[in-house]
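A closer look at the structure
Next come the chains, spelled out residue by residue.
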Amino acid sequence: MKFDFRLFFLTVGFSGLSPKASGTVGTIASLPLGIAILMFFPPLTLFLLTILITVLAVKSINQYEKETGTHDSKIIVIDELAGLWLAFSLSIPGQIQEFSDEVILAIILNFVLFRLFDIWKPSIIGKIDKNVPGGLGVMGDDILAGLVAGILTATIIHYNLLII
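Note that this is a predicted model, so its numbers are computed, not measured.

1. Observations regarding the overall build of the protein
From N to C terminus, the protein includes 7 helices and 0 strands. The helix and strand sequence of the protein, counted from the amino end, reads α-α-α-α-α-α-α. Against the 2.2 N^0.38 benchmark of 15 Å for 164 residues, the protein shows a C-alpha radius of gyration of 16 Å, consistent with a compact globule. Principal-axis analysis of the C-alpha atoms gives the protein an extent of 50 × 35 × 30 Å. Within the protein, the proportion of its 164 residues that are buried is 46%.

2. Details of the nonpolar core
One finds Leu10, Ile61, Ile76, Ile78, Phe88, Ile92 and Met139 to be the most contacted residues of the largest nonpolar core, which totals 40 residues. Breaking this core down by element, the ones donating at least two residues are helix 1 (5-10), helix 2 (22-40), helix 3 (43-68), helix 4 (78-91), helix 5 (101-120), helix 6 (123-131) and helix 7 (134-158). Broken down by element, this core gets its largest block of residues, 8 residues, from helix 5. Leaving out residues up to four positions away in the same chain, Ile92 has contacts with Leu38, Pro43, Ala106, Ile107 and Asn110.

3. Overview of the packing of helix 6 against helix 7
For the pair helix 6 and helix 7, the least separation of the axes is 7 Å and the interaxial angle reads 165°. Accordingly, the angle class assigned to the pair helix 6 and helix 7 is roughly antiparallel. As helix 6 packs across helix 7, the resulting crossing turns out to be left-handed. For the pair helix 6 and helix 7, the contacting residues are Ile124, Ile125, Ile128 and Asp129 in the first and Gly137, Gly140, Asp141, Leu144, Ala145 and Val148 in the second. Tallied by class, the residues present in the contact of helix 6 with helix 7 amount to 6 nonpolar, 2 polar and 2 charged.

4. Observations concerning the packing of aromatic side chains
Overall, the coordinates contain 5 aromatic pairs when judged by the stated rule. Where Phe5 meets Phe8, the ring centres are 6.4 Å apart and the plane angle is 35°; that geometry is what we call tilted. Of this pair, Phe5 and Phe8 both sit in helix 1, 3 residues apart, which is roughly one turn of that helix. Taking 6.4 Å as the distance between ring centres and 20° as the angle between the ring planes, the aromatic pair formed by Phe117 and Trp120 counts as stacked. Of this pair, Phe117 and Trp120 both sit in helix 5, 3 residues apart, which is roughly one turn of that helix. Assessed through its relative accessible area of 8%, Phe117 is described here as buried. For Trp120, a relative accessible area of 58% corresponds to the exposed category. One aromatic cluster in this structure is built from Phe3, Phe5, Phe8 and Phe14.

Cut-off values and rules
- Residues numbered from 1 in each chain as written.
- Predicted model: local features only at pLDDT ≥ 70, side-chain atom pairs only at ≥ 80, totals over all residues.
- Heavy atoms only, no water.
- Helix = DSSP H or I, 4+ residues; strand = E, 2+ residues; numbered from the N terminus.
- Rg over C-alpha atoms; globule rule 2.2 N^0.38 Å.
- Buried < 20%, exposed > 50% of the residue type's maximum accessible area, 1.4 Å probe, protein only.
- Core = buried A, V, L, I, M, F, W, Y, C linked by side-chain atoms within 4.5 Å.
- Contact = heavy atoms within 4.5 Å.
- Axes fitted to C-alpha atoms, helices over the stretch in contact; angles between N-to-C directions.
- Parallel < 35°, antiparallel > 145°, perpendicular 65-115°, else oblique.
- Left-handed = near helix turned anticlockwise from the far one by under 90°.
- Nonpolar A, V, L, I, M, F, W, Y, C, P; charged D, E, K, R; others polar.
- Phe/Tyr/Trp six-rings, centres within 6.5 Å; stacked < 30°, edge-to-face > 60°.

In structure tokens, the structure reads:
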């Protein structure tokens, strides 16, 4: 049996094949990968990787959708990876040297807020999801959800808006 690298990529290591909550499972699979990158490299590296992955994913999703005749298949979760990594790159202030309270809070807030915006799809996030075809539509709503989650997380942490 031939290994399908494109399916491995689009499903983030086959995590998108989960029969339930594939988006959340894909986000969970993306979490340690993003954290590991930030332990060795600055957030700019994660940001640039996110852009590269997004460009590759749009092309791969377009090809996958053309071959399967589907749009925004539940098994495709590379968009969750890109959204979460974008949020991390915007709100974690530097390379992770230690898991301080601020870093842990940023990781948790990014995860929760990203999933909230990705599921709820408020405002333009929902419009992109419904109206933009192909890979750009699949990736676009998650990129925007990650952007909003990252900015909101950075704001909450910077201004100490969360009392624990």
